[in-house]
Amino acid sequence: MNRMLYLLLTVAFFTACKNERSTHDQARIVFEPGDLQFIASSLNPKLETMSVLYGNDSALQSLAKGNHPAAGTVMKLVTWRYHDNPQYFGSKINGELLSVETVQAGSHDSIAYRLDFGTLQRPATQAERITYIMRYKPVQIP
Amino acid sequence: METTKNTQRIKRIYIIPAAIVAVLIGLQLFNQPIASKPVTGHMDEAPAEVLAILQRSCYNCHSNEQKLSWFDQLAPASWAVKKDVDRAREVMNFSEWDKLSTGERTGKMYAILNMMQAGKMPLREYLLLHPGAKVTEKDIEVVKKYTLSRSGNEAPHNTPPATAGAAPKTFPVSPNGVKYTDAFKQWTVISMSTLFDHSIRVIYGNDIAVKAVREENFFPWPDGAVVVKAVWKQEEQPDGEIRPGEFVNAQFMEKNAEKYKDTEGWGFAKFSGQKLAPTGKDALFAQQSCIGCHRQLSASTGYLFDVPMKVNPASLTEKILSK
C-alpha cells in the first residue's frame, strides 16, 4: 500500500512540474520596497504589464486627497510583464520585472523622477511619467 | 505413505484460496454502501455535448447517480470507492447543481477545465479500472469552449459584496479559526493576479511567507506563513488601463501543519464585503470549496496558486534587495 502511495506521489510530483518552464538560474522575485508600503496597482492590457505603486505616508496622503505632494514624499512604481498563470487557466500573474521608477518631492514644489531599473514599455518624458504616477489612487480595503 | 503426502499437499493448495475467499466474504460484512441522496437539480444550461462528457467521466463520483461496476462494490475496493465518492460529492455534485449560483457554476466549470487540462481528473487510479472515463484532447476543447462562453459571469471566489456598512470594530473569525487581521496592509506584496471574473488581486505575505517564496521553501511551507489575497472588481480607466475598484474580499491562507491537518496544513478563510463577512457555515467549508483545487493544481508550489513565477534572473534578486 505504501509503495503504491509513493508511486502515486511520484507521478503527481512529475505531473505538477510539467507546467513550470525550465528554471535554471531563475528565481522567484519579491520586490523589496524598504520603508515604503503598497498603495495601488494597475494592469495594462495593451502593454501586457502589471504595476505596483509603493510610497511613504506622505505619498499615501497626497494621492488620497489629490494634493500636491509635500517635501519628502517618495513613490516607486514597479512594472512587470504578465502571463497566463501556469497553474490555473483563466488567471494572469506577474512575471518578468520590467522597470522600477522613483518619484521624489523636494522643497519648493520640485519633483524629481528617476528610472532606477529597466526600460519603459512606451517612451515618455519625465514630466509625463510624474503626471501618470501622481494620478494613482490608493486602493480601498475596509 | 506417498498418497497421504499428496493429499496433504492438495489440501494445502486448496486451503489458501479458500481462506482468501472466506476473508473476502467476511469483509463484505463491513461493506458500507454509498449513501443514497436525491437528485435536486441538474446542469440544464450546458450543451448536450458538454453534459455527455461530464456524465461519462465525472458523474460516477461527483453525483448522486453512481453506476458502479460489480468490482467497485466489493470490499475492500468499495471502501476506497466510498471515500472517493464522499469526497467528490463534497467538492462538487452534479446532482445538486441547482444549489449553486451562476457565478459559482462558472467557477466550477473553470475548476473542471483546469483539472482536465492538468490531467488530474478523472483520477489516475480510477482510470485504470474505468478506461472509458478518460477525457480526450477533443473533450477538453469542448469543455474549454463552453467554459470560456460563460466568462463574464461572477466567480468562484467572488461572493457578492455584503451589504454596505461600516467595517466591523472587532475583526471577524472564520469558522475554522482563521482570524482576520488588517496587519497585512503593511506586509510585502509577493505577486499580483487577475481572474476570469474581471477581478484584480494583490497578494501580500508576512515575513515568513516572503522568505519561503525567495528560498522556495514549499515542501512544506513553514508554520506561521500567512498569505493574504485582496480582491477588487476591475475598474477600467478612459485610457484602457485597469485599476482596482470596489473591494470584494480578502482571502487568507495561514500555515499550521498541526491545526489544519485536513487541508494540507493550510487554514483557508475568506472575508467579504465592507463587513468582512467570513465564508462558511462550519469548519468544513475549506474541505468542500478550497483544498480540492489547491491540492490538485498547485501542489508544485506547496498548494498556493499565486506564487511569483520563476522567470527572473537569480542575479536580479541581489540587485532588487540592495536598492
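Just so it is clear, the model here is predicted, and its values are computed rather than measured.

Asker: Mind laying out the overall build of chain B, listing which residues take part and the relevant values?
Answerer: Along its length, chain B carries ten helices and seven strands. Across the 323 residues that make up chain B, the buried fraction comes to 46%. Pairs at least 24 apart in sequence give 66% of the contacts found in chain B among residues at least 6 apart.

Asker: So, the overall build of chain A: which residues are in play, and what are the values?
Answerer: Regarding its fold elements, chain A presents three helices and six strands. For chain A, the succession of helices and strands along the chain, N to C, is α-β-β-β-α-β-β-β-α. Burial status across chain A gives 46% buried among its 142 residues. Once local pairs closer than 6 in sequence are excluded, the contacts in chain A between residues at least 24 apart make up 45%. A total accessible area of about 7400 Å² is found for chain A, and carbon and sulfur atoms account for 54% of it.

Asker: Kindly report on the pairing of strand S2 (residues 199-205) of chain B, identifying the contributing residues and their values.
Answerer: Note on strand geometry: in a regular strand, side chains alternate between the two faces of the sheet. All names here are of chain B. Taking burial as the measure, the seven residues of S2 include seven buried ones, the bulk of the element. The side-chain alternation of S2 yields two buried faces, one formed by Ser-199, Arg-201, Ile-203 and Gly-205 and the other by Ile-200, Val-202 and Tyr-204. Bridge analysis of strand S1 (residues 188-195) against S2 gives seven bridges, and the strand direction is antiparallel. For Leu-195, the partnering residue across the bridge sits in S2 and is Ser-199. Counting the residues that bridge the hairpin from S1 to S2 gives three residues, and of these His-198 lies at a positive phi of roughly 65°. Bridge count between S2 and strand S3 (residues 226-236): seven bridges; the pairing is antiparallel. Along S3, the bridge assignment pairs Ile-203 with Lys-229.

Asker: Requested: an account of the UniProt feature "transmembrane region" (unreviewed entry) in chain B, with residues and values cited.
Answerer: When the UniProt feature table is mapped to this numbering, "transmembrane region" (unreviewed entry) covers residues 12-30 of chain B. Taken end to end, residues 12-30 of chain B is 89% helix and 0% strand, and its first and last C-alpha atoms sit 28 Å apart.

Asker: Got a sec to walk through the pattern of salt bridges? Specific residues and values, please.
Answerer: All names here are of chain B. Enumeration over the complete set of coordinates arrives at 20 salt bridges over all chains. Asp-86 is the salt-bridge partner of Lys-82, the closest N and O atoms lying 2.9 Å from each other. With Lys-82 and Asp-86 both in helix H3 (residues 77-91) and four residues apart, this pair spans about one turn of that helix. A relative accessible area of 18% places Lys-82 in the buried class. For the salt bridge of Lys-99 with Glu-96, the shortest nitrogen-to-oxygen distance reads 3.2 Å.

Asker: Before we move on, could you go through the interface of chain A and chain B and cite the residues and values that matter?
Answerer: Interface size is commonly expressed as the accessible surface area that is lost when the partners come together. With 54 residues of chain A in contact, the opposing surface of chain B contributes 66 residues. Of all residues in chain A, A:Arg28, A:Phe89 and A:Pro142 bury the most surface against chain B, accounting for 16% of the area lost on that side. The tally of links between chain A and chain B comes to two salt bridges. A salt bridge links A:Arg28 to B:Glu216; its shortest N-O distance comes to 3.0 Å. Put simply, chain A and chain B have 21 residue pairs in polar contact (both at pLDDT 80 or more) between them.

Asker: A description of the side chain of B:Asp197 should follow, citing residues and the corresponding values.
Answerer: Residues and elements named next belong to chain B. Within the secondary structure, Asp-197 is located in the loop between S1 and S2. Under the relative-accessibility criterion, Asp-197 is labelled buried at 7%. At 2.8 Å, the side chain of Asp-197 and the side chain of Ser-199 are in polar contact.

Asker: Give a detailed account of the packing of helix H2 (residues 48-57) of chain B against helix H6 (residues 137-150) of chain B, specifying residues and quantitative values.
Answerer: All names here are of chain B. Remark: H2 packs on H6, axes separated minimally by 10 Å, with the N-to-C direction vectors making an angle of 125°. Viewed along their axes, H2 and H6 adopt a mutual orientation that is oblique. Note on packing geometry: the crossing formed by H2 with H6 is left-handed. Residue-level inspection shows Glu-49, Val-50, Ile-53 and Arg-56 of H2 in contact with H6, the latter providing Asp-139, Val-142, Val-143 and Tyr-146. Residues belonging to the contact of H2 with H6 are distributed by class as follows: five nonpolar, no polar and three charged.

Asker: So, the packing of aromatic side chains: which residues are in play, and what are the values?
Answerer: Summed over all chains, the structure comprises 19 aromatic pairs over all chains. Between A:Phe89 and B:Tyr110, the aromatic rings sit 6.2 Å apart at their centres with planes inclined by 20°, giving stacked as the arrangement. With A:Phe89 in the loop between strand S4 (74-84) and strand S5 (91-105) and B:Tyr110 in helix H4 (residues 102-117), this pair bridges two chains. Given a relative accessible area of 24%, A:Phe89 falls into the partly exposed group. For B:Tyr110, a relative accessible area of 1% puts it in the buried group. Centroid distance A:Tyr132 to A:Tyr136: 5.4 Å. Interplanar angle 85°. Geometry classified as edge-to-face. On the basis of relative accessibility, which here comes to 11%, the residue A:Tyr132 falls in the buried class. The ring of A:Tyr136 carries B:Arg243 above its face, with NZ or CZ at 3.8 Å from the centroid.

Asker: I'd love a proper account of a nonpolar patch on the surface, names of residues and values included.
Answerer: A contiguous nonpolar patch, built from B:Ile15, B:Ile16, B:Ile20 and B:Leu24 and spanning about 380 Å² of accessible area, is present on the exposed surface. Tracing the backbone shows B:Ile20 in helix H1 (residues 2-28).

Asker: Give me helix H7 (residues 207-215) of chain B: which residues, what numbers.
Answerer: All names here are of chain B. Within the span of H7, buried status applies to Ala-209, Val-210, Ala-212 and Val-213. Along the axis of H7, the buried residues cluster in a sector spanning 160°; they form a single face. Exposed and oriented more than 90 degrees from the buried face of H7 are Asp-207, Lys-211 and Glu-215. Here the buried face of H7 lies against S1, S2 and S3. Taken from the residues just after H7, Glu-216 is the one with a positive phi, measuring 50°.

Analysis parameters
Residues numbered from 1 in each chain as written. Chains lettered and ligands numbered in written order. Predicted model: local features only at pLDDT ≥ 70, side-chain atom pairs only at ≥ 80, totals over all residues. Heavy atoms only, no water. Helix = DSSP H or I, 4+ residues; strand = E, 2+ residues; numbered from the N terminus. Buried < 20%, exposed > 50% of the residue type's maximum accessible area, 1.4 Å probe, protein only. Contact = heavy atoms within 4.5 Å. Areas by Shrake-Rupley, 256 points an atom, 1.4 Å probe, with all protein chains shown as cover. Pairing = 2+ DSSP bridges. UniProt positions renumbered as here; feature names shortened; annotations may be inferred. Salt bridge = Lys/Arg side-chain N within 4 Å of Asp/Glu carboxyl O. Buried area = accessible area lost by both parts, 1.4 Å probe. Polar contact = N/O pair within 3.5 Å; in protein donor to acceptor, adjacent residues only side chain to side chain. Axes fitted to C-alpha atoms, helices over the stretch in contact; angles between N-to-C directions. Parallel < 35°, antiparallel > 145°, perpendicular 65-115°, else oblique. Left-handed = near helix turned anticlockwise from the far one by under 90°. Nonpolar A, V, L, I, M, F, W, Y, C, P; charged D, E, K, R; others polar. Phe/Tyr/Trp six-rings, centres within 6.5 Å; stacked < 30°, edge-to-face > 60°. Lys NZ or Arg CZ within 6 Å of the ring centre and 35° of its normal. Patch = residues over 30% accessible without salt bridge, like charges linked within 9 Å, V, L, I, M, F, W, Y side chains within 5 Å. Arc of directions from axis to C-beta.

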